[in-house]
Amino acid sequence: MEYLDRIAETGHGMIFASSSIYEIIKDLCLLGSRFSGTESEKEAQEYLKNYIKELGIEPMEFEFEYTGWYRGTCSFFLQTEETKFFPSFSLVYSPSTEDEGLEGKLIDGGGGSETELKRIQNELKGNIVMIHSGQTEEGWLHRRIKYANAVEFGAKAFLFANHNPGQLFPTGSIRSNRFGEIPAIGISKETYEYIKEQLHRKENVGGKISVLNHSAQTKSKHIIWEIEGEKRDEIIVIGGHYDGHDLAQGATDNAGSIAALLELTKIMKEIKFIPKRTIRFIAFGVEEFGVVGSTIYVNNVNVDNVKVMINVDGLIGHIQKVVACGGNIEMLQLINDMKDQFLYEPIVMKTIITASDNYPFLLKGIPNICIYSQNPDPESGRGYGHTSADTFDKITKLDAKLSLGFIFSFLLEFSSLEEIPNRMKEKEVITLLREANLEENLKILEKWPFN
Ligand SMILES: [Zn+2]
């Protein structure tokens with residue numbers, strides 16, 4: 001039997017005979033949210049390091065500083081003839097209001113695309129805009145784009161409404177590594193629907209928001225470890241973020257992926273797998289603040305030897321996997337040619353994922369892949385992600401094992417490739433992003449480092 005086949009057989013046997021991945025997911029979730037700047041973030045770092053040390057590998061750390069954001073209080077009142085309280089939650093990097101709070105007319109901004117906001121631009125100035133997390137008239141737009149649009153059109157505050165039911169507030173960052181211009185809070189779909197109905201019935205529907213949050217320069221770290229390959233100086237990075245949002249356990253986003261990285265390491269170590277190239281595992285900190293940690297990493301570490309970056313974000317949660325090939329047509333062909341060798345077939349797409357840890361690597365010209373699981377209902381977007389319902393009970397043991405088996409087979413095949421698509425020159429990266437129609441949005445997001 002060929003070396004790789006033997007490794008695959010033993011590895012898959014171990015994966016399906018054990019439920020340890022599921023136990024790790026629960027461990028990480030029970031530590032808490034792992035939200036940047038909290039105790040549970042530090043506990044997660046220790047957990048990762050201890051796990052790796054027990055495998056006989058010495059973990060490394062990459063420490064960095066970023067703009068910390070600390071949650072204070074948040075309240076929202078609907079003001080018609082009477083005043084009614086609705087639960088709400090500050091979005092990450094929301095600034096505080098003045099002590100007396102902020103008042104304004106409530107305006108429905110729909111999906112928050114430029115098209116939609118332009119239509120109501122006269123009403124937006126100096127008022128509070130409500131924008132939902134679902135589809136816009138311009139397709140799917142990231143929350144940070146919607147926020148930037150609201151700021152651009154002169155809104156005084158940003159109410160981010162969940163488009164999925166369940167009395168769940170959506171959270172997420174509104175800027176990357178800096179505070180936003182206007183206060184931003186999350187409200188449930190049910191609150192949003194109630195307010196919209198009031199807007200139909202009444203002339204003046206106002207809102208009052210009081211928010212208090214704090215800022216402080218803060219340190220975080222990535223936890224890094226390697227499995228040495230035959231070619232010591234050719235590196236395949238596989239990484240994912242270990243931080244989550246403070247209202248949740250961040251089970252699917254992204255404890256599941258981190259548990260998979262740990263289990264992959266354990267299996268490869270136990271079966272003494274020697275990959276063709278060195279595999280560098282990175283558990284990234286501070287992704288949920290706008291891909292902050294990985295951006296700092298690629299800008300401060302020599303990544304010349306990194307041949308490819310494989311990002312796992314939301315790997316576990318649904319059985320169907322998606323492999324997004326970072327806009328790289330060669331990569332797309334390569335993965336399509338290989339996909340029969342994986343545990344089961346993923347959906348392979350050319351798509352460039354810009355709001356996760358693979359993106360900073362792309363900016364350095366490194367071929368990159370983002371692997372995640374596909375919600376069977378595409379309209380649900382993040383689904384329970386970024387809400388308090390992203391908890392470990394949403395993950396089944398079967399999904400955890402299948403996902404681990406999938407990524408194990410993927411990594412075995414990928415790390416053994418004779419050739420990997422070449423790195424891109426800056427010019428090629430710019431062309432790639434322009435051709436994907438991303439330039440304008442990336443500039444709005446302050447994620448366009450080119451002149
Ligand atoms: Zn994520």
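The residue count restarts for each chain, going from 1 along the sequence in the order it is written. Local features are withheld for residues below a pLDDT of 70 in this predicted model, meaning they are given only at 70 or higher, and side-chain atom pairs are given and counted only at 80 or more; totals for whole chains, interfaces and linings count all residues.

Engineer: Talk me through the overall build of the protein chain; I want residue IDs and the actual numbers.
Structural biologist: Under the DSSP-based scheme used, a helix requires at least four consecutive residues in state H or I and a strand at least two consecutive residues in state E, with every element numbered from the N terminus. Looking only at helices and strands, one finds 14 helices and 14 strands in the protein chain. A compact globule built from 451 residues would reach a C-alpha radius of gyration of about 22 Å, and the protein chain, at 22 Å, matches this within 12%. Along the first, second and third principal axes, the C-alpha atoms of the protein chain reach 75 × 45 × 40 Å. Neighbour counting defines burial: a residue surrounded by 20 or more other C-beta atoms within 10 Å of its own C-beta is buried, one with 12 or fewer is exposed, and intermediate counts give partly exposed, using backbone-placed C-beta atoms. By the burial criterion, 53% of the 451 residues in the protein chain qualify as buried. Long-range pairs, those at least 24 residues apart, make up 82% of the contacts in the protein chain between residues at least 6 apart in sequence. In this treatment the radius of gyration is a C-alpha quantity, and the globule benchmark scales as 2.2 Å times the residue count to the 0.38 power. By the criterion used throughout, residues are in contact when their C-beta atoms, derived from the backbone, lie within 7 Å.

Engineer: Let's hear about the domain arrangement of the protein chain: which residues, and what values?
Structural biologist: Here the protein chain is partitioned into domain 1 (3–67 + 217–444) and domain 2 (74–216). The gap between the C-alpha centroids of domain 1 and domain 2 is 32 Å. Put simply, the parts of the chain that give the side of domain 1 that touches domain 2 at least two residues each are strand E1 (60–79), strand E8 (206–227) and helix H14 (439–444). As a working rule, the residues Ala, Val, Leu, Ile, Met, Phe, Trp, Tyr, Cys and Pro are called nonpolar, Asp, Glu, Lys and Arg charged, and the rest polar, with Gly in that last group. Classifying every residue of the side of domain 1 that touches domain 2 gives eight nonpolar, twelve polar and two charged. Domain extents, as shown, originate in an automatic or database domain assignment.

Engineer: Residue-level account of the pairing of strand E9 (residues 231–241), with values.
Structural biologist: If DSSP finds at least two bridges between two strands, the strands pair. Where E9 lies against strand E10 (residues 277–284), eight bridges are found, and the strand directions are parallel. Residue pairing in the sheet places Ile236 in a bridge with Ile279 of E10. Remark: the E9/helix H8 (residues 251–270)/E10 crossover connection has right-handed handedness. With its strands directed away from the observer, a crossover is right-handed exactly when the path from the first strand over the helix to the second travels clockwise.

Engineer: Summarise the packing of helix H2 (residues 20–31) against helix H12 (residues 397–415); cite the residues concerned and give the values.
Structural biologist: Orientation of H2 relative to H12, taken along the N-to-C sense of each, is 110°, at an axis distance of 8 Å. Taken together, H2 and H12 sit at an angle that is classed as roughly perpendicular. Where H2 approaches H12, its residues Ile21, Tyr22 and Ile25 are matched on the opposing element by Lys397, Ala400, Lys401 and Leu404. Angular values range over 0 to 180 degrees, each being the angle between N-to-C directions of two axes fitted as lines to C-alpha atoms, with helices fitted over their stretch in contact. Here the word oblique covers every angle except those under 35 degrees (roughly parallel), over 145 (roughly antiparallel) and from 65 to 115 (roughly perpendicular).

Engineer: Outline the environment of Ser90, supporting the account with residue identities and numerical values.
Structural biologist: By the secondary structure assignment, Ser90 is in strand E3 (residues 89–90). The sequence separation of Ser90 and Ile185 amounts to 95 residues, and the corresponding C-alpha distance is 4.2 Å. Those residues in contact with Ser90 that lie beyond four places of it in its chain are Arg71, Cys74, Ala184, Ile185, Val211 and Asn213.

Engineer: Lay out unusual backbone geometry in plain terms, naming residues and giving numbers.
Structural biologist: Following Asp253, the chain continues to Asn254 via a peptide bond in cis, the omega torsion being 20°. Residues other than glycine seldom take positive phi values, yet Asn177 does so here, at roughly 60°. On the secondary structure map, Asn177 appears in the loop between strand E6 (157–161) and strand E7 (184–187). You can call Asn177 partly exposed: it has 18 C-beta atoms within 10 Å. Even without a glycine there, the phi angle at His386 is positive, about 60°. Here His386 is to be found in the loop between strand E14 (368–373) and H12.

Engineer: Outline the packing of H2 against H8, supporting the account with residue identities and numerical values.
Structural biologist: With their axes 9 Å apart at the nearest point, H2 and H8 run at an angle of 130° to one another. Relative to H8, H2 is oriented oblique. When you trace H2 past H8, the crossing you get is right-handed. Facing H2, whose interface residues are Ser20, Ile21, Ile24, Ile25, Leu28 and Cys29, H8 presents Ala251, Ala255, Gly256, Ile258, Ala259, Ala260, Leu262 and Glu263. When its residues are assigned to classes, the contact of H2 with H8 shows eleven nonpolar, two polar and one charged. Crossing chirality is assigned from the near helix's rotation relative to the far helix, an anticlockwise turn below a right angle marking it left-handed and a clockwise turn marking it right-handed.

Engineer: Describe helix H7 (residues 189–201), naming the residues involved and giving the relevant values.
Structural biologist: A helix is expected to span 1.5 Å multiplied by its residue count minus one. The terminal C-alpha atoms of H7 lie 19 Å apart, and with 13 residues this matches the ideal 18 Å at 1.5 Å per residue to within 8%. In this structure, the buried side of H7 is in contact with E1, strand E2 (83–86), strand E4 (102–108), strand E5 (128–132), E6 and E7.

Engineer: I'd love a proper account of the nonpolar core, names of residues and values included.
Structural biologist: Joining buried Ala, Val, Leu, Ile, Met, Phe, Trp, Tyr and Cys residues through C-beta atoms within 7 Å gives a set, and that set is a nonpolar core. Counting residues in each nonpolar core, the largest one holds 131 residues, and the members touching the most others are Ile25, Phe158, Ile185 and Ile407. Element by element, the count of residues in this core is highest for H8, at ten residues. The two domains that each donate at least three residues to this core are domain 1 (3–67 + 217–444) and domain 2 (74–216). With residues near it in sequence (within four places) discarded, Ile185 still touches Cys74, Phe76, Ser88, Phe89, Ser90, Leu91, Ser94, Leu159, Phe160, Ile209 and Val211.

Engineer: An account of the environment of Gln121 is needed here, citing residue identities and associated values.
Structural biologist: Take Gln121: it is sitting in helix H5 (residues 121–124). Through-space distance from the C-alpha of Gln121 to that of Glu152 is 10.0 Å; in sequence the pair is 31 residues apart.

Engineer: Lay out the pairing of E5 with the relevant residues and their values.
Structural biologist: A large share of E5 lies buried, amounting to five of its five residues. With burial as the criterion, each face of E5 is covered, one bearing Ile128, Met130 and His132 and the other bearing Val129 and Ile131. Pairing geometry for E4 and E5, over three bridges, is parallel. Across the sheet, Asp108 pairs through a bridge with Met130, a residue of E5. Of the strand pairs in this sheet, E5 and E6 are connected by five bridges, and their pairing is parallel. Within E6, the residue paired with His132 across the bridge is Ala161.

Engineer: Help me get a handle on the environment of His318, residues and values and all.
Structural biologist: With respect to the helices, strands and loops of the structure, His318 is situated in the loop between strand E11 (306–312) and strand E12 (321–324). With 267 residues separating them in the primary sequence, His318 and Tyr51 have C-alpha atoms 26 Å apart. Other than its neighbours up to four places away in sequence, His318 contacts Ser373, Gln374, Asn375 and Pro376.

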